[in-house]
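Commentary on secondary and tertiary structure
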Amino acid sequence: MDPWRVGRYAGGSKAAAVRGEGFRRFPGRGGRQVTTADRTVRLTVAQALVQFLAAQYTERDGVRHRLVDSCWGIFGHGNVAGIGQALVENGQGPGAPLPYHQGRNEQAMVHAAVGFARQHNRLSAQAVTTSIGPGATNLVTGAALATVNRLPVLLLPGDIFASRAPDPVLQQLESPYAGDVSVNDTLRPVSRYFDRVTRPEALIPAALQAMRVLSDPAETGAVTLALPQDVQAEAYDWPEEFLAERVWRVGRPVPEADAVAEAAEAVRAARRPLLIAGGGVHHSEAEDALRAFADATGVPVASTQAGKGSLRHDHPADVGGIGHTGTAVADELARTADLVIGVGTRYTDFTTASSTLFEDPGVRFLNLNITSFDAHKLGARSLVADARAGLEALTDALAGHHVGRAYEAEYAEGRARWERVVDAAYAVPDEKAVPSQTQVLGALDSVVDDTDIVINAAGSLPGDLHKLWRARSPRQYHLEYGYSCMGYEIPAAIGVRMAAPGRPVWALVGDGTYLMLPTELVTAVQEGININMILLQNHGYASIGGLSEQTGAERFGTAYRYRAPDGTYTGDPLPVDLAANAASLGMDVLRARTYAELREALETARASSRPTCVYVETDTSSEVAAPGAQAWWDVVVAETSDREAAREAREEYERQAARRRRHV
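Rules used throughout
- Residues numbered from 1 in each chain as written.
- Predicted model: local features only at pLDDT ≥ 70, side-chain atom pairs only at ≥ 80, totals over all residues.
- Heavy atoms only, no water.
- Core = buried A, V, L, I, M, F, W, Y, C linked by side-chain atoms within 4.5 Å.
- Buried < 20%, exposed > 50% of the residue type's maximum accessible area, 1.4 Å probe, protein only.
- Contact = heavy atoms within 4.5 Å.
- Pairing = 2+ DSSP bridges.
- Helix = DSSP H or I, 4+ residues; strand = E, 2+ residues; numbered from the N terminus.
- Axes fitted to C-alpha atoms, helices over the stretch in contact; angles between N-to-C directions.
- Salt bridge = Lys/Arg side-chain N within 4 Å of Asp/Glu carboxyl O.
- 1 Å grid on protein atoms, 1.4 Å probe; cavity = no way out; pocket = protein on both sides within 12 Å on 5 of 7 lines; lining within 4 Å.
- Points joined across faces, edges and corners; volume = space filled by probe spheres on them.
- Nonpolar A, V, L, I, M, F, W, Y, C, P; charged D, E, K, R; others polar.
- Patch = residues over 30% accessible without salt bridge, like charges linked within 9 Å, V, L, I, M, F, W, Y side chains within 5 Å.
- Areas by Shrake-Rupley, 256 points an atom, 1.4 Å probe, with all protein chains shown as cover.
- Phe/Tyr/Trp six-rings, centres within 6.5 Å; stacked < 30°, edge-to-face > 60°.
- Lys NZ or Arg CZ within 6 Å of the ring centre and 35° of its normal.
- Parallel < 35°, antiparallel > 145°, perpendicular 65-115°, else oblique.
- Left-handed = near helix turned anticlockwise from the far one by under 90°.

1. Some words on the nonpolar core
Counting residues in each nonpolar core, the largest one holds 83 residues, and the members touching the most others are Leu275, Leu391, Leu444, Leu465, Trp469, Leu508 and Leu602. The residues contacting Leu465, other than those within four sequence positions of it, are Lys308, Leu441, Val454, Asn456, Tyr477, Leu479 and Leu508. Among the nonpolar cores identified, the runner-up in size contains 47 residues, and Met109, Ala112, Ala143 and Cys485 belong to it.

Shown next as structure tokens:
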């Protein structure tokens, strides 16, 4: 073989490689040794990108993970001849360098990828490829969800022709003021990194930047590489060095020694400290460090939706969820806390009860977060560091310190009182009766063990789960509440099951959420991914129905019912059979009419090797219900109205809003 035919074969067969086909020929170089940087491979942009992605890894604590594990895709004219062709050439199935998964809805594919990334503690992600037009714009909701939750996903939408040879193309949005704008620009504000690859060689810096952001816990979120369809299919001589294996090290930044000393001094001076565990505890795998901190200091630990499970529910320091959907004990501790220690939390309005929760006049904040942006919120003293490294340093600095025994006894008593509230919400006076929503959770609680994973995102269930669920292991509780996106649960369950194939996964879905995005049930059936779905039929938007009553809207537009003679939706419930719909999509369906049947169905589903739906119509009039909100949430009410309900709601709103304060 000609000694200057170097590189890796880009076509297929070994025989062709021996013939020298598919290689770049170099001129003589006066005897200079050829290095990896000199060698090139001729590939299309899409082929090069697929090979590049297959060779990317993250490494943390000496453990290596695929950075981009696989690729979801729905194909159209904007990506079928580029990324689609490259994936075919790459090989198909689990053994392929970059495995491909077929989806049914672009938004759902992103949700599945987000669930996968969260289960992998942000160390491994998935890519999503779409065509141009509606395929690309369907990514926007999923991208926003990923970025809000600081979770990595790589988006590869097709784009209009860079050459502008055919112009406009099918599905192109023409902009009179800018010729370089396409619908993909809608992804800019919801992406942590965005680039449009208009020339083949531009892929190299764009792809490297994309991997940098995906693998950086302080920067991560949705990453978009918009790929014009003509550029995807264009060939280029790629440096082998670009396609070689690359490891992105995910470090554990440690806090500054002076900052740790100041933080320890603040904790020692506090009479009533409270720690709030956010999602960053899980992402950093800092659960053991948090438990060691709580054991050593006795500081009580409340949790956000993303942080729940940071401590096991029966740990003496765990006081449950905090904020609007929190427990009575956690919220009372928050009202009287003189020091709030936030670890890996963004402090959303649900956590702070819209800035009304932390009432002590002298309350101060100490935030440990890997991002400076979040660490400085609420005028806090900040520790910008990895959650595990920061907790370990703070625990060492507090050696010998423990909160007062009276304070410890106080929150222990509060924990015990709340456990009785949970028991009452789960209680079943009659196993032959139709169960309430909280009794459904109680039935599931009695069936699962430490290995199960429970997924939810929207409706009334997040509040019930945050208050009542007894999290047994760090990743059992999977609530997407940063974006609270209806339709997340089913595709996320698929992504989680892909990431944790040995663990039972439950998607808790209300009827409103189910009707938003049931399409990926077909994917679960096709791929043999045995997720379990609990489908709750409560005939409408239960959560917003309750909220509308509090704001003077009187359940307007929230019931799934026929129109009554007066034009309102107050007639009979719609004769919709969602169980039959799930069965038509290939799911095994178990109908439960009573609590006893529900418990049996849950046990059957858990033991099944097929995707299974447990369908139950809940008793919305049951006296066995979840406890009410333990803290306020700011949803504005009309300042003037002719309706008495709205006027009363406004009076209550003004009373609560007067308690709001700014922490600076």
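So much for the structure itself; the text now carries on.
2. Some remarks on the sheet that holds strand S5 (residues 63–66)
Strand order in this open sheet of 3 strands is S5-S4-S13, and the pairing throughout is mixed. Edge positions in the open sheet fall to S5 and strand S13 (246–249), since each of these has one partner strand only. Shown here is a sheet whose adjacent strand axes are inclined to one another by a mean of 35 degrees, direction ignored. Pairing analysis gives 4 bridges linking strand S4 (residues 56–60) to S13, with the strands arranged parallel. Following the sheet pairing, Tyr57 is matched in S13 by Val247. Docked against the sheet, helix H2 (residues 45–54) engages S4 and S5, running at close to 20 degrees with respect to S4. Along the sheet, helix H7 (residues 203–215) contacts S4 and S13; its crossing angle with S13, the most-contacted strand, is approximately 40 degrees.

3. A short note on the pattern of salt bridges
Under the criterion given, the structure shown has 39 salt bridges. Between Glu359 and Arg659 there is a salt bridge whose closest N-O contact spans 2.7 Å. Of this pair, Glu359 sits in the loop between helix H14 (349–352) and strand S18 (364–369) while Arg659 sits in the segment after helix H26 (644–657), and the two are 300 residues apart along the sequence. Take Arg659: its relative accessible area is 30%, and that puts it in the partly exposed class.

4. Let's talk about empty space enclosed by the protein
Over the atoms a probe the size of a water molecule is rolled, and this reveals where empty space is left. One pass over the structure, following the stated rule, counts 4 cavities of 30 Å³ or more. There is about 590 Å³ of room inside the largest cavity. Lining the largest cavity are 44 residues, with Gly279, Gly280, Ala306, Gly344 and Arg346 positioned closest to its centre. Considering every element that reaches the lining of the largest cavity, the biggest residue donor is helix H11 (residues 279–283), with 3 residues. Among the residues forming the lining of the largest cavity, the class breakdown is 15 nonpolar, 20 polar and 9 charged. Estimated volume of the second largest cavity: approximately 150 Å³. Around the second largest cavity sit 15 residues that line it, and Asp318, Val319, Gly320, Trp418 and Glu419 are the ones nearest its centre. Those elements that place two or more of their residues in the lining of the second largest cavity are strand S16 (318–321), helix H17 (405–426) and helix H19 (461–468). A per-element tally of the lining of the second largest cavity places H17 first, with 4 residues. Residues that form the lining of the second largest cavity fall into these classes: 6 nonpolar, 3 polar and 6 charged.

5. Some thoughts on a nonpolar patch on the surface
The grouping of Tyr562, Leu574 and Val576 at the surface amounts to a nonpolar patch, some 250 Å² of accessible area in total. Tracing the sequence through the fold places Val576 in the loop between helix H23 (542–550) and helix H24 (578–584). Assessed through its relative accessible area of 40%, Val576 is described here as partly exposed.

6. Re the packing of aromatic side chains
Scanning all chains against the criterion turns up 10 aromatic pairs. Look at Phe350 and Tyr481: their rings are 5.1 Å apart centre to centre, the planes differ by 75 degrees, and that puts the pair in the edge-to-face class. Remark: Tyr481 occurs in the loop between strand S21 (477–479) and helix H20 (489–499) and Phe350 occurs in helix H14; sequence separation between them is 131 residues. What makes Phe350 buried here is its relative accessible area of 11%. Every member of this aromatic cluster is reached through a ring pair, and the members are Phe52, Tyr236, Trp238 and Phe242. Lying over the aromatic face of Tyr57, Arg64 brings its terminal NZ or CZ to 5.5 Å of the ring centre. For Lys308, the ring lying beneath its charged end belongs to Tyr477, and the centroid distance is 5.5 Å.

7. Points about the sheet that holds strand S6 (residues 68–73)
Spatially, S7-S6-S8-S9-S11-S10 is the arrangement adopted by the 6 strands of the open sheet, whose pairing is parallel. If you trace the sheet from one side to the other, it starts and ends with strand S7 (100–102) and strand S10 (193–196), each paired once. Strand-to-strand twist in this sheet, taken as the mean axis angle between neighbours without regard to direction, amounts to 20 degrees. Summarising the sheet, S6 and strand S8 (residues 125–130) pair through 4 bridges and their orientation is parallel. Paired with Gly73 across the bridge in S8 is Thr129. The sheet strands contacting helix H4 (residues 106–119) are S6, S8 and strand S9 (153–159), and the helix crosses S8 at an angle near 170 degrees.

8. So, the packing of H2 against helix H3 (residues 80–90)
With their axes 8 Å apart at the nearest point, H2 and H3 run at an angle of 55 degrees to one another. In terms of axis orientation, H2 runs oblique to H3. Classified by chirality, the crossing of H3 by H2 is right-handed. On H3, the residues touching Ala46, Gln47, Leu49 and Val50 of H2 are Gly82, Ile83, Gln85, Ala86, Leu87, Glu89 and Asn90.

9. Description of H19
The buried fraction of H19 is high, at 8 of 8 residues. Buried within H19 we find Leu461, Pro462, Gly463, Asp464, Leu465, His466, Lys467 and Leu468.

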